[in-house]
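Architecture and fold: a report
Chain by chain, the residues run as shown.
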Amino acid sequence: MIANPISINTKLYFLLTMADGEVHSKEEEMGDRMLQHLSMNKEKFDEQIGILEKQDSEKIFEDCIKELNTFNKNDQINCMAWMCLIANSDGFMDKDEWNLIYRIYHKNLALNLSEITMRQKELHRFIQQYRNIPDSAKETAIKPEVKSEQKQPVPQTSTTTPLSDKPRLAFPM
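Read on for a plain summary of the structure. (Residues numbered from 1 in each chain as written. Predicted model: local features only at pLDDT ≥ 70, side-chain atom pairs only at ≥ 80, totals over all residues. Heavy atoms only, no water.)

Listing the buried residues of helix α3 (residues 42-52) in full gives F45, Q48, I49 and L52. Buried residues along α3 cover an arc of 105° about the axis, so they all sit on one side. Facing away from the buried side of α3 by over 90 degrees, the exposed positions are E43 and E47. With a side-chain oxygen lying 2.8 Å from the backbone nitrogen of E43, the N-terminal cap of α3 falls on N41. (Buried < 20%, exposed > 50% of the residue type's maximum accessible area, 1.4 Å probe, protein only. Helix = DSSP H or I, 4+ residues; strand = E, 2+ residues; numbered from the N terminus. Arc of directions from axis to C-beta. Polar contact = N/O pair within 3.5 Å; in protein donor to acceptor, adjacent residues only side chain to side chain.)

Have a look at this one:
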């Protein structure tokens, strides 16, 4: 057994970025956002990518499917939403990237694309408020509502301050 198993998100990132034969800088940037959001170590991630480069892609794919099938639906959708964000980050989803995503979500997991798309948009809005997301990725998700210039004060009914004015995710992490 591997002492430090490679995370499913790392394996999926590797498969996706290698699907069209090259890793684009915007995909790398979105991958970094994923790492930050999921509190993953960049050095460990890079080390694991190096290990994956020496393995057979079809074997990695089979391992991913096996592992994804142990996840609950919510976690499966999260993984697929990250794949879509990364694939769309350069402003274009390559045919080979789409084929990989489709093969996983539809043929192997039987997930609903609308649920994945909704989660993708939600993740995008969530990470955008904290990080500088590439402009091309913004077009793949609903843009956050623009706040009006004059914000109306919110009446306070108690002396406690709100925990956060930032939107919350509708799904557990």
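Okay, back to it.
What follows deals with unusual backbone geometry. You will see that S39, though not glycine, has its phi angle at about 55°, which is positive. Take S39: it is sitting in the loop between α2 (25-37) and α3. The backbone of A110 shows a phi angle near 55°, a positive value even though the residue is not glycine. Here A110 is to be found in the loop between α6 (95-108) and α7 (113-128). In this structure A110 comes out as exposed when scored by relative accessible area, which is 63%.

Our focus in this paragraph is the pattern of salt bridges. The final tally for this structure, using the stated rule, is seven salt bridges. A salt bridge links D32 to K42; the nearest nitrogen and oxygen atoms lie 3.2 Å apart. You can see D32 sitting in helix α2 and its partner K42 sitting in helix α3, a full ten residues away along the chain. K42 sits in the partly exposed class, given a relative accessible area of 34%. With a closest N to O distance of 2.9 Å, D63 and K59 form a salt bridge. One end of the pair is D63 and the other is K59, both in helix α4 (residues 57-68) and four residues apart, which spans about a single turn. By relative accessible area, K59 is classed as partly exposed at 43%. Among the charged side chains, a network of salt bridges with common partners joins D32, K42 and D46. (Salt bridge = Lys/Arg side-chain N within 4 Å of Asp/Glu carboxyl O.)

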